[in-house]
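# Working through the structure, step by step
This is what each chain is made of:
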Amino acid sequence: RLPVAQRWTHPFKLHCTGGGDERLPVSHTCFFQFDLPNYSSAEVCRARILTAVTYAGAIDGDAQYSSGAEAMRMSWEDD
């Protein structure tokens with residue numbers, strides 16, 4: 001559980017990465033970091049973020065996780 005806003009001391013980091021349009025963004029919740037590839041347009045960026053959020057794996061309280069493998073197998077032409 002996250003602390004209330006007045007006690008929040010962790011800065012959120014946006015990290016620009018390479019890879020271009022074929023890569024999905026990645027979040028690192030333990031480090032409060034979001035890795036965002038260098039996309040060719042704002043429209044591609046929006047589409048990739050929505051895909052990552054929609055098909056991302058989930059981490060539960062037991063640290064069991066499922067991968068976002070379905071998103072990686074998805075053809076971008078299917079957007």
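Residues numbered from 1 in each chain as written. Predicted model: local features only at pLDDT ≥ 70, side-chain atom pairs only at ≥ 80, totals over all residues. Heavy atoms only, no water.

What the three strands build is an open sheet, ordered S1-S3-S2; its pairing is mixed. Both edges of this open sheet fall to strand S1 (13-17) and strand S2 (26-28), since each of them pairs with a single strand only. Looking at each pair of strands side by side, their axes are set apart by 20° on average, direction ignored. Relative to strand S3 (residues 33-37), S2 is paired through three bridges, and the arrangement is antiparallel. Bridged to Val 26 within S3 is Asp 35. (Pairing = 2+ DSSP bridges. Helix = DSSP H or I, 4+ residues; strand = E, 2+ residues; numbered from the N terminus. Axes fitted to C-alpha atoms, helices over the stretch in contact; angles between N-to-C directions.)

Given a rise of 1.5 Å per residue, 14 residues ought to cover 20 Å, and the 20 Å separating the end C-alpha atoms of helix H1 (residues 42-55) matches this to within 8%. Of the positions making up H1, those classed as buried are Val 44, Cys 45, Arg 48, Thr 51 and Ala 52. Buried residues along H1 cover an arc of 130° about the axis, so they all sit on one side. Turned more than 90 degrees from where H1 packs its buried face, Ala 42, Glu 43, Arg 46, Val 53 and Thr 54 sit exposed. (Expected span 1.5 Å × (residues − 1). Buried < 20%, exposed > 50% of the residue type's maximum accessible area, 1.4 Å probe, protein only. Arc of directions from axis to C-beta.)

Once that is clear, we can look at unusual backbone geometry. Of note in the backbone geometry, Phe 32 takes a positive phi value of approximately 50° without being a glycine. Phe 32 sits in the partly exposed class, given a relative accessible area of 21%.

What follows concerns the state of the cysteines. All chains considered together, the criterion is met by zero disulfides. Left unpaired, Cys 16 is separated from the closest cysteine sulfur, that of Cys 45, by 9.6 Å. The exposure class of Cys 16 is exposed, given its relative accessible area of 63%. (Disulfide = S-S within 2.5 Å.)

So, about the pairing of S3. Pairing of S1 with S3 involves five bridges; the strand directions are parallel. When the sheet's bridge partners are listed, Leu 14 is paired in S3 with Phe 34. Taking the residues that link successive antiparallel strands as the turn, the S2-S3 hairpin has four residues, and the phi of Phe 32 there is positive, at about 50°.

The pLDDT averaged across the protein works out to 76; a share of 68% of its residues lies at or above 70. The low-confidence segment residues 60-66 (pLDDT under 50) makes six contacts with residues lying over four places distant or belonging to another chain. (pLDDT = per-residue confidence, 0-100. Contact = heavy atoms within 4.5 Å.)

Here we take up the environment of Pro 11. Tracing the chain through its elements places Pro 11 in the segment before S1. Look at Pro 11 and you get exposed, because its relative accessible area is 55%. Between the C-alpha atoms of Pro 11 and Phe 32, which are 21 residues apart in sequence, the distance is 7.2 Å.

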